[in-house]
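Per-entry structural report
Take a look at the letters that make up each chain.
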Amino acid sequence: MSAMIVPLMRDKEIDKTINFTSLLKSMKILVATEKPFAKEAVDGIREIAEGAGHTVALLEKYTDKAQLLEAVADADALIIRSDKVTPEVIDAAKELKIVVRAGAGYDNVDLAAASARGIVVMNTPGQNSNAVAELALGMMIYMARNRFTPGTGSELQGKTLAIHAYGNVGRLVGVKGKALGMNVIAFDPFITDAAVFERDGVRKVDSVAELYASADYLSLHIPATAETKKSIGYDLAMSMPKGAAIVNTARKEVIDEEGLMRAMTEREDLKYVTDIAPEAAEAFAEKFGKRFFATPKKQGAETGEANVNAGLAAARQIVDYFATGNERFRVNK
Ligand code: NAD
């Protein structure tokens, strides 16, 4: 097939065609999960992969790195959760062409080692967004109702929900906040299409300063980057309206903990609620009592539905990659 097509192609396309043709054979997809997927997800992964003519091998609850090194030896594709894909794993996986992290974060994969071998690394963004968004709203209600202790609480309806970063999670928090009757505003400098906000009935604001100054509930959804790390601290917290709460289901690294503590010390009305315990969690709990809450273990994405969604998306992305070369969710170069 390629012999007929190749002469008509430009150089780049020739590479793709050869790749694509060689990938039409049956591939071995290894699902390696120290903490296994639900059975429903594994069954779905099998159905998707085998339906496309590939085979699936399962390595669950492995306790020793050596087990993973052995299992990846002849795998063409790898589906993982929080499992670590180190240079050693990459080295042992002589046939590996693609790794998909079923989930959003992919700092458990050594991207440089994968790239050096030409291995594609993908994540499955958006699959756990609903779970995280529901937790964010749940944490707001929890704080509004005095952590479900006796006494008079408040309602979310009519309050201003300010969304910092309008990506997959932020957008869902916005839509759900609107459904609760909140006044929703958002800031995301990388979304230039106003229609993204307009169709959700969300008002786009033009600065972080305006966002925080208006927020009764500030819902954080920025990624941890060089620019955002420690970017939320004293000044922004101090600018918030009376009784405001920062709700963090993003990453602890984006908080300047010292600055936030200083603001919460000076302002006895400010609250901080987070799905990612701060480095100084004990000090926060001690100093601020009921104005601070951290989930005991990160649980934004921990729903059965999110796990199944992510597993199935990983299988679909691998099948699609082998069939068409689609690299839409690739995270390495
Ligand atoms: P996403 O990639 O869909 O959206 C991120 C958004 O952030 C994008 O719209 C981008 O334009 C915006 N952004 C980037 N830099 C920004 C900046 N400096 N200022 C303002 N906006 C900026 O990501 P997502 O799926 O919505 O996830 C958001 C965050 O939630 C991530 O940090 C992720 O790690 C975290 N997360 C947490 C859990 C959990 O269990 N708590 C689960 C999934 C994701």
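Residues numbered from 1 in each chain as written. Predicted model: local features only at pLDDT ≥ 70, side-chain atom pairs only at ≥ 80, totals over all residues. Heavy atoms only, no water.

1. Brief notes about the pattern of salt bridges
Throughout the structure, instances matching the rule amount to twelve salt bridges. Linking lysine 97 and aspartate 76 is a salt bridge whose minimum nitrogen-to-oxygen distance equals 2.7 Å. Here lysine 97, found in the loop between helix H5 (87-92) and strand S4 (98-101), pairs with aspartate 76, found in the loop between helix H4 (65-71) and strand S3 (77-80); they are 21 residues apart in sequence, far enough to count as distant. On the accessibility criterion, aspartate 76 (8% relative accessible area) is buried. (Salt bridge = Lys/Arg side-chain N within 4 Å of Asp/Glu carboxyl O. Helix = DSSP H or I, 4+ residues; strand = E, 2+ residues; numbered from the N terminus. Buried < 20%, exposed > 50% of the residue type's maximum accessible area, 1.4 Å probe, protein only.)

2. As for the pairing of S3
Residues of S3 alternate between two faces, with Ala77 and Ile79 on one and Leu78 and Ile80 on the opposite face, all of them buried. Bridge count between strand S1 (residues 28-33) and S3: four bridges; the pairing is parallel. Directly across from isoleucine 29, in S3, lies its bridge partner alanine 77. Relative to S4, S3 is paired through four bridges, and the arrangement is parallel. By the bridge assignment, isoleucine 79 is partnered in S4 with valine 100. This β-α-β element, S3 to H5 to S4, shows right-handed connectivity. (Pairing = 2+ DSSP bridges. Right-handed = clockwise from strand over helix to strand, strands pointing away.)

3. A word on unusual backbone geometry
For asparagine 146, which is not glycine, the phi dihedral falls at a positive 50°. Note on placement: asparagine 146 falls in the loop between helix H7 (129-144) and strand S6 (160-164). Positive phi is not limited to glycine here, since arginine 147 has a value of about 55°. Looking at where arginine 147 falls in the secondary structure, it is placed in the loop between H7 and S6.

4. Quick notes on the environment of tyrosine 234
Looking at the element boundaries, tyrosine 234 is found in helix H11 (residues 234-238). Sequence separation between tyrosine 234 and methionine 143 is 91 residues; the distance between their C-alpha atoms is 21 Å. Not counting the four nearest positions on each side in its chain, tyrosine 234 is found in contact with Gly259, Leu260, Arg262, Ala263 and Glu266. Separated by 2.7 Å, the side chains of tyrosine 234 and glutamate 266 make a polar contact. (Contact = heavy atoms within 4.5 Å. Polar contact = N/O pair within 3.5 Å; in protein donor to acceptor, adjacent residues only side chain to side chain.)

5. Focus on the domain arrangement of the chain
Structurally, the chain comprises domain 1 (4-127 + 303-324) and domain 2 (129-294). Every contact between the two is made by six residues of domain 1 and, on the other side, four residues of domain 2. Of the roughly 300 Å² buried between domain 1 and domain 2 on both sides combined, carbon and sulfur atoms contribute 50%. Its largest share of buried area at the contact with domain 2, domain 1 owes to Gly105, Gly126 and Thr303, together 65% of the area lost on that side. At the junction of domain 1 with domain 2, the criterion picks out zero salt bridges. (Domains from an automatic or database assignment. Buried area = accessible area lost by both parts, 1.4 Å probe.)

6. Quick word on the site of the ligand
For the ligand, the set of nearby residues contains 24 residues, the closest of which are Asn168, Val169, Asp188, Thr249 and Asp275. Valine 169 has a polar backbone atom sitting 2.9 Å from an oxygen atom of the ligand. Isoleucine 222 has a polar backbone atom sitting 3.3 Å from an oxygen atom of the ligand. Relative to its unbound accessible surface of 860 Å², the ligand loses 83% to contact with the protein. Here the shell around the ligand is composed, by residue class, of eleven nonpolar, eight polar and five charged. (Near = heavy atom within 4 Å. Areas by Shrake-Rupley, 256 points an atom, 1.4 Å probe, with all protein chains shown as cover. Nonpolar A, V, L, I, M, F, W, Y, C, P; charged D, E, K, R; others polar.)

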